Amino acid sequence: MPLSPIVRPVLFALVSIALVAGSALEAVAQKRGGVLKVGNLGEPPTLDVHWTTATITEVLANHLYEGLYSLDAKSQPIPMLAESMPAVSKDGLTYTFKLRQGIKFHNGKEMTSADVVASLNRWGAQSTYGKTLYARVAEVRAVDKYTVEMKVKEKTAIVVISLAIPNNSAAIYPQEIAEKFKPAEKATEWIGTGPFKLVEWKPDRHIKMVRFDDYQPRKEAASGYGGRKIVHVNELLWMPVPDAATRVAQIETGELDFADDLDLNAYERLKKTAGVQPIVAKPYYWLVGVFNKKEGLMTSQKLRQAWQAALDIEPIMKNVAGGHADLYRMDSSLAFVENAPWHTKLQGLPWNERNKEKTKRLLREAGYKGEPIRFMTTQEYKWMYDFALLSKQQLEDAGFTIDLQVVDWATLVKRRNNSKEYDVFTTGMGNFYDPTHHIYLGPNWPGWTNDEDLNRLLSELAGETDYKKRFALWEQVTRIFYDRVPVARYGDLFGLRARRSHVKGFDTTLMRPRFHNVWLEK
Amino acid sequence: MTTYLLRRLLALLPVMLVVVTIVFFLIHLIPGDPVAVILGPEANAQQIEDARRELGLDRPLHEQLVRFYARLLRGDLGRSYFLDRPVTQALWERTEPTLVLMAGGLFVAVLIGVPSGIVAGAYQGSWWDRGLMTLALLGVCVPGFWLSLNFIYLFSVRLGWLPVAGYASVFQDPVAAFRHMLLPAVSLGFSQSALIARIARSCMIEVLRQDYIRTARAKGLAERSVIYLHAFRNALVPVVTVIGITMAILIGGAVVTEIVFNIPGLGRLIISAILRRDYPVVQGVVLVTAAAYMLINLVVDVVYAFIDPRIRYV
């Protein structure tokens, strides 16, 4: 029944009042104030996010800095410091970014195009993702105070996504800082436009951030790492607690409000602790054995295929996840389920085959005579050691001879750059937001994948801008991946974090924690 | 005495030089790369090489050693690769927690160790002796981390009496500092008290067998006077040596306690520095620890003269 012209405005007014009242109630519910104590596993090497890919830097620094773009809940780029998505010229070679006006840095200075140009140029010379993008960039210049223009040498799909990814990110620094510290030199002044500002860094004690009162949130609702960011707490105190058992005890007693990177074995105990809510962090890493394809035994594709065919992945994952089925996932896609645009559902891939006959045949075809394969791992990350140890057992049952070399992390990351020192090493792969960012598919990362077909497809992916065509190319990459086996993909392992019940508003779907929009209800 | 002290102090210099040189080579010889750790898992070889050049790590080892000596002569221990601050500053920031922990641990160790050893020695073969020595044996055998974790579970998680971990400065909040330091000091002191107790016991037994003790007893002195006035002081010299060694151990060796209780001291600093291959920090901590060892030994030698008037230094 259509509403009468008199009823309609009244109804509209009533609905409006209800919505406003609802917002007001929500505002009352979101208490302002308090100190949020977060326990993490250690000290960041720097807060210069251009400089390192270290996860801990990413987590902390993204509270201080923002880039032109961010990622929403579906891992899609959304504007952050840019007013909107860029205007792209018809030939696809010029990107014009309009900046939001009146955005302040923590030092009180207004952000302008000069800051953006200086920051992007520094990021492009140092960051892993920046370098990839800048290989295609011809020029970045300020058009006016609030407009920046980027010219690329050839059409590419990776401009906006590269500016949006949170790791080693294209954070905007004040021009004077971006120019003062050379790209290869760590910045030691940490001033951004983010919702928190740094007030104190006492190594091994705490990193103290406070609410940035001049922060101007976006109007769009919060989504993923972007949207509206409101800081409810007065202070965010990051406390490095290297011992995992201590972090668990501190969250149990309430000394910490939030604890990250917990031992998966603590899951049951935390579930039973009153006042504590364990959070399964998805995605975390997919486990991977990276083959040395530059020299040595694993240059043989047949041998790599044999490794892949031998693995029975589920028991390995279950064991690594402490026996908890909700802490791991069996998936063969190279992009996580959570990274919906790039998650593939291809059938019939030679993954988790558990096929001893095939393994033996491939070993014969590879001419393998039982030479020891140097498999390098570390106990500093328990999950790496666990899956290496279980793999060794399975592989030896199938006919391999594995020389498991357990070293510390610093040794592993040094040795993996030297092709003479290993055949396989363990690590984990995080979330790559664009197919061209999967480092293990290219020739510049340890393991040195240098496959003609993969290189060609990745080059086409970088140049193609149509999503459907890109996805089809990505599926081809996935099929070739499982044929050439540059690395052995195991399952997805999840992380464990925990919060006290009085910590409200935390977005549990994020891969890395963020504390804007979080409040304390004590 | 003054000449003796000066001679001992001067002797520190060559020893320190040898120590830092050995440590320099050891830390550089073990595999691992500070830059690869700092740059994170997704950094490629080119980025690592660029950063190595920036930090001077691409230079030959002998050149790095000469630079290290040159800086040392100027009193400069270098700059931490990871912490991005001078090593001297990093050391200074962590001295207070380590000294407080050392003092607390030592206090507990002496408080438990000396009386237990004296009583066990004085009443050799008694139930007191057996009970206390069994406890001392436990102290030696039980790993420090196990004891620490169980203390945390009982007193912090179950009973909620004390904080799990962390550190509060004695100068800013003495009550919080005491609450934070109680469990670490007890768990550290308990294991160290075992050694003190065993040494004190054997010294006491030896002294009590001396002729002058028999004479004192024959004179009709009360057993309490025999033990505390005559035997105790003479049994003290080796005990002071052990206390000195314990003190030195606690300066550089409270690593596990500092990590489990999350105390930002020198022990935790050196472990993280080794794991990150932060060479200047490792060298700095070793230098300070070595100096502390030698100075404590010197102080112990001087204390001997006060305890036993027969000891003279020229």
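Since this is a predicted model, take the numbers as computed values, not measurements.

1. What to know about the overall build of chain A
Working step 1: Secondary structure assignment for chain A yields 15 helices and 19 strands.
Working step 2: Its C-alpha atoms give chain A a radius of gyration of 25 Å, within 12% of the compact-globule value 24 Å for 522 residues.
Working step 3: Oriented by its inertia axes, the alpha-carbon framework of chain A measures out at about 85 × 65 × 60 Å.
Working step 4: Among the 522 residues that make up chain A, the fraction classed as buried is 59%.
Working step 5: Counting contacts in chain A only where the partners sit at least 6 residues apart, residues at least 24 apart contribute 72% of the total.
Working step 6: Of the roughly 20100 Å² of accessible surface on chain A, a fraction of 52% belongs to carbon and sulfur atoms.
Working step 7: For chain A, the separation between the mean place of its 70 positive charges and that of its 62 negative charges on side chains is 2 Å.

2. A few points about the overall build of chain B
Working step 1: Summing up its helical and strand segments, chain B has 13 helices and zero strands in all.
Working step 2: Of the regular secondary structure in chain B, the N- to C-terminal order runs α-α-α-α-α-α-α-α-α-α-α-α-α.
Working step 3: Projected onto its principal axes, the C-alpha coordinates of chain B cover approximately 85 × 55 × 35 Å.
Working step 4: Taken over 314 residues, chain B has a buried fraction of 51%.
Working step 5: Intrachain contacts of chain B at a sequence separation of at least 6 include 73% that bridge at least 24 residues.

3. A word on unusual backbone geometry
Working step 1: Looking along the chain, the bond that leaves Lys282(A) and enters Pro283(A) is cis, with omega of -15°.
Working step 2: Here Pro283(A) is to be found in strand 12 (residues 276-291).
Working step 3: Within the chain, Asn262(B) stands out as a residue other than glycine whose phi angle is a positive 55°.
Working step 4: On the secondary structure map, Asn262(B) appears in the loop between helix 11 (255-260) and helix 12 (266-276).
Working step 5: Taking the relative accessible area as the measure of exposure, Asn262(B) reaches 7% and is therefore buried.
Working step 6: Backbone geometry places Arg277(B), a non-glycine residue, at a positive phi of 55°.
Working step 7: For Arg277(B), the position within the fold is in the loop between helix 12 and helix 13 (279-307).

4. A closer look at the pattern of salt bridges
Close approach of charged atoms lets side chains of opposite charge pair.
Working step 1: Taken as a whole, this structure holds 50 salt bridges over all chains when the rule is applied.
Working step 2: In this structure, Arg94(B) and Asp204(A) form a salt bridge, with 3.1 Å as the shortest nitrogen-oxygen distance. Here Asp204(A) lies in the loop between strand 8 (196-202) and strand 9 (206-211) and Arg94(B) lies in helix 5 (residues 87-122), a pairing that spans two chains. Asp204(A) shares its class with Arg94(B); the two are buried.
Working step 3: Asp423(A) serves as the salt-bridge partner of Arg374(A), at 3.2 Å between the closest nitrogen and oxygen. One end of the pair, Arg374(A), is in strand 14 (residues 373-378); the other, Asp423(A), is in the loop between helix 13 (409-415) and strand 16 (424-429), and 49 residues separate them in sequence.
Working step 4: Within this structure, Asp451(A), Asp453(A), Arg456(A), Glu460(A), Asp483(A) and Arg484(A) form a network of salt bridges that share partners.

5. Notes on the interface of chain A and chain B
Working step 1: Counting residues at the interface gives 48 residues for chain A and 45 residues for chain B.
Working step 2: Summing the contributions of chain A and of chain B, the shared interface buries around 3800 Å²; its carbon and sulfur component is 53%.
Working step 3: Where chain A touches chain B, the interface holds four salt bridges.
Working step 4: The partner of Asp204(A) in a salt bridge is Arg268(B), and the shortest N-O contact between them spans 3.6 Å.
Working step 5: Our count for the chain A to chain B interface comes out at 18 residue pairs in polar contact (both at pLDDT 80 or more).
Working step 6: Of all the elements in the fold, those that place two or more residues in the side of chain A that touches chain B are helix 4 (128-134), helix 7 (244-253) and helix 13 of chain A.
Working step 7: A per-element tally of the side of chain A that touches chain B places helix 7 of chain A first, with six residues.
Working step 8: Per-class residue counts for the side of chain A that touches chain B are 19 nonpolar, 14 polar and 15 charged.

6. Examining the nonpolar core
Generally speaking, a soluble globular protein has its nonpolar side chains buried in company with each other.
Working step 1: One finds Leu68(A), Leu120(A), Leu163(A), Trp307(A), Phe400(A), Tyr440(A) and Tyr490(A) to be the most contacted residues of the largest nonpolar core, which totals 164 residues.
Working step 2: If near-sequence neighbours (up to four positions away) are discounted, Tyr440(A) is found in contact with Trp286(A), Leu334(A), Met429(A), Phe432(A), Trp445(A), Thr449(A), Phe481(A), Pro486(A) and Val487(A).
Working step 3: Listed in part, the 50 residues of the second largest apolar core include Leu101(B), Leu106(B), Ile213(B) and Val242(B).

7. What to know about the pairing of strand 9 of chain A
Residue and element names in this part refer to chain A.
Working step 1: Judged by how many residues are buried, strand 9 sits mostly within the fold: five of six residues are covered.
Working step 2: Pairing between strand 8 and strand 9: six bridges, direction antiparallel. Pairing of Lys 197 across the sheet is with Val 210, part of strand 9.
Working step 3: Linking two consecutive strands that pair antiparallel, namely strand 8 and strand 9, is a turn of three residues; a positive phi of about 70° is found at Asp 204 within it.

8. Re the pairing of strand 15 (residues 402-407) of chain A
All names here are of chain A.
Working step 1: Where strand 14 lies against strand 15, six bridges are found, and the strand directions are parallel. Bridge pairing in strand 15 links Thr 377 to Val 406.
Working step 2: Where the polypeptide runs from strand 14 across helix 12 (residues 382-397) and back to strand 15, its parallel neighbour, the crossover connection is right-handed.

9. Looking at a nonpolar patch on the surface
All names here are of chain B.
Working step 1: A cluster of nonpolar side chains, Phe 145, Trp 146, Leu 149 and Val 256, forms an exposed patch at the surface whose accessible area comes to about 370 Å².
Working step 2: Ranked by residues supplied to the nonpolar patch, first place goes to helix 7 (residues 144-158) with three residues.
Working step 3: Structurally, the position occupied by Trp 146 is in helix 7.

10. Some words on the side chain of Thr426(A)
Working step 1: The residue Thr426(A) is located in strand 16 in this model.
Working step 2: Setting aside anything within four residues of it in sequence, one finds Thr426(A) in contact with Val288(A), Phe375(A), Met376(A), Thr377(A), Thr378(A), Met384(A), Phe387(A), Ala388(A) and Leu412(A).

11. Examining the sheet that holds strand 7 (residues 147-152) of chain A
All names here are of chain A.
Working step 1: The four strands are arranged 4-5-7-6 in an open sheet whose pairing can be described as antiparallel. If you trace the sheet from one side to the other, it starts and ends with strand 4 (87-88) and strand 6 (137-144), each paired once.
Working step 2: Note that strand 6 and strand 7 share six bridges and pair antiparallel. If you follow Ala 142 over to strand 7, its bridge partner there is Val 148.
Working step 3: Packed onto the sheet, helix 3 (residues 113-126) meets strand 6 and strand 7 and runs at close to 165° relative to strand 6.

12. Remarks on the packing of helix 6 (residues 127-141) of chain B against helix 8 (residues 174-208) of chain B
Residue and element names in this part refer to chain B.
Working step 1: Running from amino to carboxyl end, helix 6 crosses helix 8 at an angle of 135°, the nearest separation of the two axes being 7 Å. Relative to helix 8, the element helix 6 lies oblique. Helix-helix and strand crossings are classified by hand; for helix 6 and helix 8 the assignment is left-handed. Counting all contacts with helix 6, which are made through Asp 129, Met 133, Leu 135, Ala 136, Gly 139 and Val 140, the residues of helix 8 involved are Phe 190, Ser 191, Ala 194, Ala 197, Arg 198 and Arg 201.
Working step 2: A class-by-class count of the residues in the contact of helix 6 with helix 8 yields seven nonpolar, two polar and three charged.

13. Side note on the environment of Glu421(A)
Residues and elements named next belong to chain A.
Working step 1: Mapped onto the elements, Glu 421 comes out in the loop between helix 13 and strand 16.
Working step 2: Judged by its relative accessible area of 29%, Glu 421 falls in the partly exposed class.
Working step 3: Sequence-distant contacts of Glu 421, defined by excluding residues within four places in its chain, comprise Arg 374, Gln 405 and Arg 415.
Working step 4: Among the polar contacts listed, one links the side chain of Glu 421 to the side chain of Arg 415, at a separation of 3.1 Å.

14. As for the environment of Gly166(B)
Residue and element names in this part refer to chain B.
Working step 1: Within the secondary structure layout, Gly 166 lies in the loop between helix 7 and helix 8.
Working step 2: Once the C-alpha coordinates of Gly 166 and Ala 291 are considered, the two residues, 125 residues apart in sequence, prove to be 27 Å apart.
Working step 3: Ignoring anything within four residues of it in the chain, the contact list for Gly 166 reads His 180, Phe 261, Asn 262 and Ile 263.

Calculation criteria
Residues numbered from 1 in each chain as written. Chains lettered and ligands numbered in written order. Predicted model: local features only at pLDDT ≥ 70, side-chain atom pairs only at ≥ 80, totals over all residues. Heavy atoms only, no water. Helix = DSSP H or I, 4+ residues; strand = E, 2+ residues; numbered from the N terminus. Rg over C-alpha atoms; globule rule 2.2 N^0.38 Å. Buried < 20%, exposed > 50% of the residue type's maximum accessible area, 1.4 Å probe, protein only. Contact = heavy atoms within 4.5 Å. Areas by Shrake-Rupley, 256 points an atom, 1.4 Å probe, with all protein chains shown as cover. Lys, Arg positive; Asp, Glu negative; His and termini not counted. Charge placed at Lys NZ, Arg CZ, Asp CG, Glu CD. Salt bridge = Lys/Arg side-chain N within 4 Å of Asp/Glu carboxyl O. Buried area = accessible area lost by both parts, 1.4 Å probe. Polar contact = N/O pair within 3.5 Å; in protein donor to acceptor, adjacent residues only side chain to side chain. Nonpolar A, V, L, I, M, F, W, Y, C, P; charged D, E, K, R; others polar. Core = buried A, V, L, I, M, F, W, Y, C linked by side-chain atoms within 4.5 Å. Pairing = 2+ DSSP bridges. Right-handed = clockwise from strand over helix to strand, strands pointing away. Patch = residues over 30% accessible without salt bridge, like charges linked within 9 Å, V, L, I, M, F, W, Y side chains within 5 Å. Axes fitted to C-alpha atoms, helices over the stretch in contact; angles between N-to-C directions. Parallel < 35°, antiparallel > 145°, perpendicular 65-115°, else oblique. Left-handed = near helix turned anticlockwise from the far one by under 90°.

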